[in-house]
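Listed here are the chains, written in short residue letters.
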Amino acid sequence: MKKSLFVLLLCAASPALVMAQPEEAKDTSWKKIYRATPEKINDLVHTKLEVRFDYDKAWMYGKEWIILKPHFYATDSLKLDAKGMDIKEVSIVKGSNKTPLKYSYDGYELRIMLDKTYKGGENYTVYIDYISKPNEVKVKGSAAISDAKGLYFINPKMEEKDKPVQIWTQGETEGTSVWAPTIDKPNQKTTQEMYMTVPAKYITLSNGLLISQKKNADGTRTDYWKMDLPHSPYLFFMGVGDYKIIKESYKGKEVSYYVEPAQAPYAKGVFGLTPEMMKFFSDKLGVEYPWQKYNQIVGRDYVSGAMENTTATLHQESAYQNTRQLTDGNSWETVIAHELFHQWFGDYVTTESWSNITVNETMADYSQTLWMEYKYGKDAGDEENYQGLTSYLSNPNEAKKDLVRFRYHDKEDVFDLVSYQKGGRIQHMLRNLVGDDAYFKSLGNYLTANKFKNGEAHQLRLAFEEVTGKDLNWFFNQWYFGNGHPIVKIDYNYDDAAGKAMVIIEQTQKTDKLFKLPLAIDVYNGGAKKRHIVWAENKIDTFTFSYTKRPDLINVDADKVMLWQKTDNKTADNFIHQYKYAPNFLDRREALSYFSTKGMKELAEGMNDKYAALREYTLNKLAQSKTSPEAAVLKTVETLATTEKNKKAKAAAINVLVKTANATYLSIYKANVNDSSYSVAGAALTGLAALEPANAYTFAKKYKDDAKGDLGSAVEGIIMENGAESDFDFIYNRFEKAPLTNAKFESLDAFCAYLAKVSNIANIKKGIDAVVKFRNAIPPAYRNFTDPAIADALKKISAAKGKEIEDYIADKLK
C-alpha cells in the first residue's frame, strides 16, 4: 500500500506542520500486549463468491462457498471474520446437498459448529448467504488508510453530477471481511472465484482472469473472474464503474489500465512504463512476474494512495494527469513501481503478521529507489533514497519504534514512516553491505523459498545468510528488531608534522544504544582518492590515516548510504572539493546546502550541475536567499530561464528572476506564460503579476479552466487578490474541491481575505462553510496546530463583515 492523505503529506511539506506530531494513544496498556502471529486452526483453501449490488441502499448481496481444512489438529468448529452483515444461512455442503449448521454471530465474528469433527488436512465446504452493509460498519482507519469499511459505493444514487458511479474495495488490513466472510488474516492463502452481477453498462475488475460474461434478462451482466493461484484475503478486489480499458502486454500477459473515459488519452503517459518495470523487476529478482496478468484501476474518493490487490492494483485519482502535467514529470511513477513490486513482496510472499509488515512495505518502498536508479541514473535513485531518509528523520517520534513491531496499539499503526521510509533506507544499507549481486540473489532466494506462502524478517535474514555466507544477526537485531538511528558528529584533525589525519566520529544519540556502522572513507588529493573501510561501533571512534600531503577532503560514508543524522564539520574548502570531485548526488547536495547560507558564488556552481534536480535545488536556494545574486549569477539564471530543457528547473530559474522585481525580465515572463508546462507557465504568470497586475489578471481568467499545479496556484492567487464578486464560483470551487493537503492549508489566508471582500452574504457563509468543513476533516491530533491558524484566517472575514458573520463563524466552530 502506498500511503497518502494529510497526515503523510505533512512529512514532505511545511516544516511548521511537520512539527505538529500526533500524540500517542493515552492508553498505554497495549505496550504489554504481544501481537502474536494469528493461530491457524482452520486453513482457507478456496473461496467462491456470487455477489450483486443494491446501489440505492449501498448493500451487497452475497453467496459464498468456502473450502477449508483443519490446519493440523482436528476441529469441530470454525470462526470467520464477518463485519456488520446480515447472515441469512450457514450450511455445510456435501455434494449437491446443503445442511444447516448452528452458529452464533456478534456483528464481527461468525462462530460455526461444524457437522462433525474434521481431521487435520480434511477438506470441508461451508455455504453462507448474507448481506453486506458497509456503511453501517464502524471500523478504524490509519495514517495509510483514512477509512476501513472494506466496500465503497461512490456516488451510488448519482447525486453528484460531476462524479462517476463506482464501486471498489479496500482489503488491507482486515476490510475484506466487511463484504466476504473469511479468516481475514495475512497468514491465510486461498484461491478464488468471483461472480459479479452489475448493470450491463459497467466494467468490472477482480483478481485473476476474466473467464466469461453472461448478459441477464434484467439488464445486468454477470462477470466470472477466476484466481487459480493462492493469495491472502486482504488482497481480494472488486471494482465496478464506467471505465475505458487501455491494453498492453508483457510476455504474453495482459497489462491493462482502467481509467475514466476522459482520461483514456493520457493513460499510457501515466501507466505506460509498467511493462518495462515488470521486466526490470523480474530480471533483477531472478523471479518472473508470478501472476496471470496485471491490471491497474483508478478509483474516486479512494481512502489511500494505492493498493496492491493481486493482479489488480487500485490507485487514487491523483494518478490522473494530463499532457501538461506529464511535461513536468510523471508524479505517480514511483507509486506505480511501489505497487508493482508488491506483486512479489506482499502478494507472492506475504507478511505472516502485521508486526512483520516490513517484508511487504519496506521492500516496496525501496523499489522506488531501484526503479529511479535504473530508469534515470544513479543520481535519480540517490535522490529518491534521500527523500525517504529526510521524511523519516523529520518525524522524531518515529525513532521510538522498532521496524519489526510485536507491540502496537492497533494493527493500523504499523503503516508508518518506519515500515516504509526507514525500512527502505535499511535495505539501501544492506545492499551496500553485501554488494549488488548478493543482494538481488538473496531477494530471489527469499521469494523462491517462500512463494505463495508467508514470510517474516527472520526468513529474509536467513535468505541473505544462505547466499552470502555471512552471519547477519547483528544487522537485523540492530535495524529490524531495534529502534532509533545514530546521531553523529564528525570532526577532523590534521598533524602535518607527523603526516597524520584523524577522523573522530562521535555517536551523540540520547540513548544507551550504540550502533555498529561499517563505513567507507575516501581520502582525496585532487581528483585522486583512496578508500578505507572502517567500523564505527563505540561512543567515540578515532580513525587515523597517514599522508605526505594534507588531504583536500576526507569523505566519511563515501557511498552516502548511512541512515543517520550527522553534523559533519568540514571546512568551506572541503566542501568546494567535495562538490567538484565526490561523485554522488548527496555529496553535491550537501556541498550546495552548506553554501546556501555561506557562499552565493559557490552555491551558483550548482546551476551547472549535470543533474536537473540539483540545478533546480540551487535555483530554489537562490530564490530563497536574503542576498540578491550578483550580476554574473543573474546572467546565468537568465540563460537558464530561456534555455533550460528540464521544465521544473526552468520554472525555478524564472522564480529567481521574479524575486528581483526587475522589469528587464518582463519579456521572459510573456514568452513563457503560454508554456506547455504548468510549472513554467505558473512561474511566468507570477512574474507578470508583479509587473503588470491587470494583464496577469486577464491571463488568469483565460487559464482558469486549465489551471493545475503551479499554474493553478498562480491563477488562484491572482484571482483571489484581484478578483471581483463574479469570480466567487471559481475561487470557491477551487478551494472546496482541493484535496486535504498542505497546499490547501496554506491557501486559507488568501481565501479568507477574498471572502472579506465579497458582498453577497450567502456566498460569504458558503465560503466559511468550506473552511469549517476543511477544518473538521483534519485529523484531531493535528488541530492543536491548525486551529489557531484557521481561526486567524476567519477573523479577517468577521473583522470586515461585522457581528452577523462573527456570530455565524462562532456557531459553525462550536
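Described below are features of the structure shown in this document. (Residues numbered from 1 in each chain as written. Predicted model: local features only at pLDDT ≥ 70, side-chain atom pairs only at ≥ 80, totals over all residues. Heavy atoms only, no water.)

1. Re the overall build of the chain
Link 1 in the chain: Looking only at helices and strands, one finds 28 helices and 29 strands in the chain.
Link 2 in the chain: In terms of C-alpha radius of gyration, the chain reaches 29 Å, essentially the compact-globule figure of 28 Å for 814 residues.
Link 3 in the chain: Taking the principal axes of the C-alpha coordinates as reference, the chain spans close to 90 × 75 × 55 Å.
Link 4 in the chain: Expressed as a percentage of its 814 residues, the buried residues of the chain come to 56%. (Helix = DSSP H or I, 4+ residues; strand = E, 2+ residues; numbered from the N terminus. Rg over C-alpha atoms; globule rule 2.2 N^0.38 Å. Buried < 20%, exposed > 50% of the residue type's maximum accessible area, 1.4 Å probe, protein only.)

2. Comments concerning helix α18 (residues 647-660)
Link 1 in the chain: With 14 residues, α18 should cover 20 Å at 1.5 Å per step; its first-to-last C-alpha distance of 21 Å lies within 8% of that length.
Link 2 in the chain: Counting buried residues along α18, 10 of its 14 residues qualify, which places the element largely inside the surrounding structure.
Link 3 in the chain: Where α18 is concerned, the buried positions are Lys647, Ala649, Lys650, Ala651, Ala652, Ala653, Ile654, Val656, Leu657 and Val658.
Link 4 in the chain: Looking at the packing, one finds that the buried side of α18 touches α5 (323-327), α16 (612-624), α17 (631-643), α19 (666-672) and α20 (678-691). (Expected span 1.5 Å × (residues − 1). Contact = heavy atoms within 4.5 Å.)

3. Some thoughts on helix α14 (residues 585-595)
Link 1 in the chain: Here α14 lies mainly inside the structure; 10 of its 11 residues are buried.
Link 2 in the chain: Three or more residues of α14 are buried, namely Phe585, Leu586, Asp587, Arg588, Arg589, Glu590, Ala591, Leu592, Tyr594 and Phe595.
Link 3 in the chain: Close packing links the buried residues of α14 with α8 (378-393), β28 (553-556), β29 (565-568), α13 (572-581), α15 (600-604) and α16.

4. Comments concerning the side chain of Thr191
Link 1 in the chain: On the secondary structure map, Thr191 appears in strand β11 (residues 190-199).
Link 2 in the chain: Since its relative accessible area comes to 17%, Thr191 is described here as buried.
Link 3 in the chain: Among the polar contacts listed, one links the side chain of Thr191 to the side chain of His46, at a separation of 2.6 Å. (Polar contact = N/O pair within 3.5 Å; in protein donor to acceptor, adjacent residues only side chain to side chain.)

5. Things to note about the environment of Ala689
Link 1 in the chain: By the secondary structure assignment, Ala689 is in helix α20.
Link 2 in the chain: Overall, the relative accessible area of 22% leaves Ala689 in the partly exposed class.
Link 3 in the chain: In sequence terms Ala689 and Ala700 are 11 residues apart; their C-alpha atoms lie 9.5 Å from each other.
Link 4 in the chain: Setting aside residues no more than four positions away along its own chain, Ala689 makes contact with Ala696 and Ile718.

6. Side note on unusual backbone geometry
Link 1 in the chain: A cis geometry characterises the amide bond from Glu172 onward to Thr173, with omega recorded as 10°.
Link 2 in the chain: Within the fold, Thr173 resides in the loop between β10 (166-169) and β11.

7. Let's talk about the pattern of salt bridges
Link 1 in the chain: What the rule picks out here adds up to 50 salt bridges.
Link 2 in the chain: Between Lys566 and Asp568 there is a salt bridge, with its nearest N and O atoms 3.7 Å apart.
Link 3 in the chain: What emerges from the salt-bridge pattern is a single network uniting Glu398, Lys401, Arg405 and Asp416. (Salt bridge = Lys/Arg side-chain N within 4 Å of Asp/Glu carboxyl O.)

8. Points about the packing of aromatic side chains
Link 1 in the chain: Taken as a whole, this structure holds 47 aromatic pairs when the rule is applied.
Link 2 in the chain: Ring plane angle 20° and centroid distance 4.3 Å describe the contact between Tyr152 and Trp168, whose orientation is recorded as stacked. Of this pair, Tyr152 sits in strand β9 (residues 151-154) while Trp168 sits in strand β10, placing them 16 residues apart in sequence. As far as burial versus exposure is concerned, Tyr152 and Trp168 are alike and both buried.
Link 3 in the chain: With a centroid separation of 6.0 Å and an interplanar angle of 65°, the aromatic rings of Phe475 and Phe476 are classed as edge-to-face. (Phe/Tyr/Trp six-rings, centres within 6.5 Å; stacked < 30°, edge-to-face > 60°.)

9. Concerning the pairing of strand β20 (residues 312-316)
Link 1 in the chain: Counting buried residues along β20, five of its five residues qualify, which places the element largely inside the surrounding structure.
Link 2 in the chain: The alternating pattern of β20 places Ala312, Leu314 and Gln316 on one face and Thr313 and His315 on the opposite face, and all of these are buried.
Link 3 in the chain: Sheet topology places strand β19 (residues 306-307) next to β20; two bridges connect them, and they run antiparallel. When the sheet's bridge partners are listed, Met307 is paired in β20 with Leu314.
Link 4 in the chain: Following β19, the chain reverses through four residues before pairing antiparallel with β20; Thr311 in that reversal takes a positive phi of roughly 65°. (Pairing = 2+ DSSP bridges.)

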